[in-house]
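If you want the building blocks of each chain, they are given just below.
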Amino acid sequence: MISYNTDGVKMPNIKKRETTKWIKAVADSYGRKVGEIGYMFVNDEKILEVNNEYLGHDYYTDIITFDYCEGDVLNGDLVISLDTIRTNAEKFGKEYDEELHRVIIHGILHLCGINDKGPGEREIMEAAENRALRIR
C-alpha cells in the first residue's frame, strides 16, 4: 500500500491512483514488490528538522528516504520538501510537475538499491530516473 500525506503544506496535485500504478511498475522493473510506502510532503523547515533529527545533517534537501525493505518487498517512508522541489525546478529549468515526479521516483529507486552519493552513482541514478519518467 502506498499512502500520501502532508505536514504543513497543501497536497500536491498528483493523481494518486496513476502515481501508485507507476511506482509499482517501476518497482516491478527491478524485480521488487511494493509493501508499505509512506510519502510525506512537507515544507523546507520540516525537512530541515527531519534531516537534523534523524541524519544529523544541517541542510535542506528535496527528499529523505527511510528504508525498511525486507527482501524483494519495498517498505519505506519518503519525506519530500515541496519548497525545494519548486526551487530546483526553477534552478534546472524544469516544470514543477516533472521535478515532483522525478523526486517521487527517486526515493523508490533508492529503495530498489540505487545510490547517488559515490563516484559515478549520480549518473546511474539520473539514468534510472529518466527511464522511470518515460514509463509514467
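Shown above is the structure to which this text applies.
Not measured: the values here are computed from a predicted model. (Residues numbered from 1 in each chain as written. Predicted model: local features only at pLDDT ≥ 70, side-chain atom pairs only at ≥ 80, totals over all residues. Heavy atoms only, no water.)

A. Here's a closer look at the side chain of His 101. Mapped onto the elements of the fold, His 101 is located in helix α4 (residues 96–111). The class for His 101 is buried, based on a relative accessible area of 5%. With residues up to four places along the chain from it excluded, the contact list for His 101 reads Ile 14, Thr 19, Trp 22, Leu 133 and Arg 136. (Helix = DSSP H or I, 4+ residues; strand = E, 2+ residues; numbered from the N terminus. Buried < 20%, exposed > 50% of the residue type's maximum accessible area, 1.4 Å probe, protein only. Contact = heavy atoms within 4.5 Å.)

B. Inspection of the state of the cysteines at higher detail. Counting across every chain of the model gives zero disulfides. Looking at the unpaired Cys 69, the closest cysteine sulfur is the one in Cys 112, lying at 7.5 Å. Overall, the relative accessible area of 24% leaves Cys 69 in the partly exposed class. (Disulfide = S-S within 2.5 Å.)

C. Fine view of the packing of helix α3 (residues 82–92) against α4. Interhelical geometry of α3 versus α4 gives an angle of 125° and a closest axis separation of 9 Å. Regarding the angle of α3 to α4, the classification is oblique. Two packed elements cross with a definite hand, and for α3 against α4 that hand is right-handed. Here Leu 82, Ile 85, Arg 86, Asn 88 and Ala 89 of α3 come into contact with α4, specifically with Tyr 96, Glu 99, Leu 100 and Val 103. Across the contact of α3 with α4, the residue classes break down as six nonpolar, one polar and two charged. (Axes fitted to C-alpha atoms, helices over the stretch in contact; angles between N-to-C directions. Parallel < 35°, antiparallel > 145°, perpendicular 65-115°, else oblique. Left-handed = near helix turned anticlockwise from the far one by under 90°. Nonpolar A, V, L, I, M, F, W, Y, C, P; charged D, E, K, R; others polar.)

D. Inspection of the side chain of Asp 116 at higher detail. Mapped onto the elements of the fold, Asp 116 is located in the loop between α4 and α5 (121–134). A relative accessible area of 13% places Asp 116 in the buried class. At 3.3 Å, the side chain of Asp 116 and the side chain of Arg 122 are in polar contact. (Polar contact = N/O pair within 3.5 Å; in protein donor to acceptor, adjacent residues only side chain to side chain.)

E. Representation of the packing of aromatic side chains within the structure. Counted according to the given criterion, the structure contains three aromatic pairs. For the ring pair Tyr 4 and Tyr 39, a centre distance of 5.5 Å and an interplane angle of 5° mean the geometry is stacked. Placement of Tyr 4 in strand β1 (residues 2–7) and of Tyr 39 in strand β2 (residues 33–42) is noted, with a sequence separation of 35 residues between them. Comparing Tyr 4 with Tyr 39 shows no difference in burial state: the two are buried. Among the aromatic residues, those joined into a cluster by ring pairs are Tyr 4, Tyr 39 and Phe 41. Above the face of the Tyr 96 ring, Arg 86 is positioned so that its terminal group lies 4.2 Å from the ring centre. (Phe/Tyr/Trp six-rings, centres within 6.5 Å; stacked < 30°, edge-to-face > 60°. Lys NZ or Arg CZ within 6 Å of the ring centre and 35° of its normal.)

Nothing here speaks to function; it is geometry throughout.
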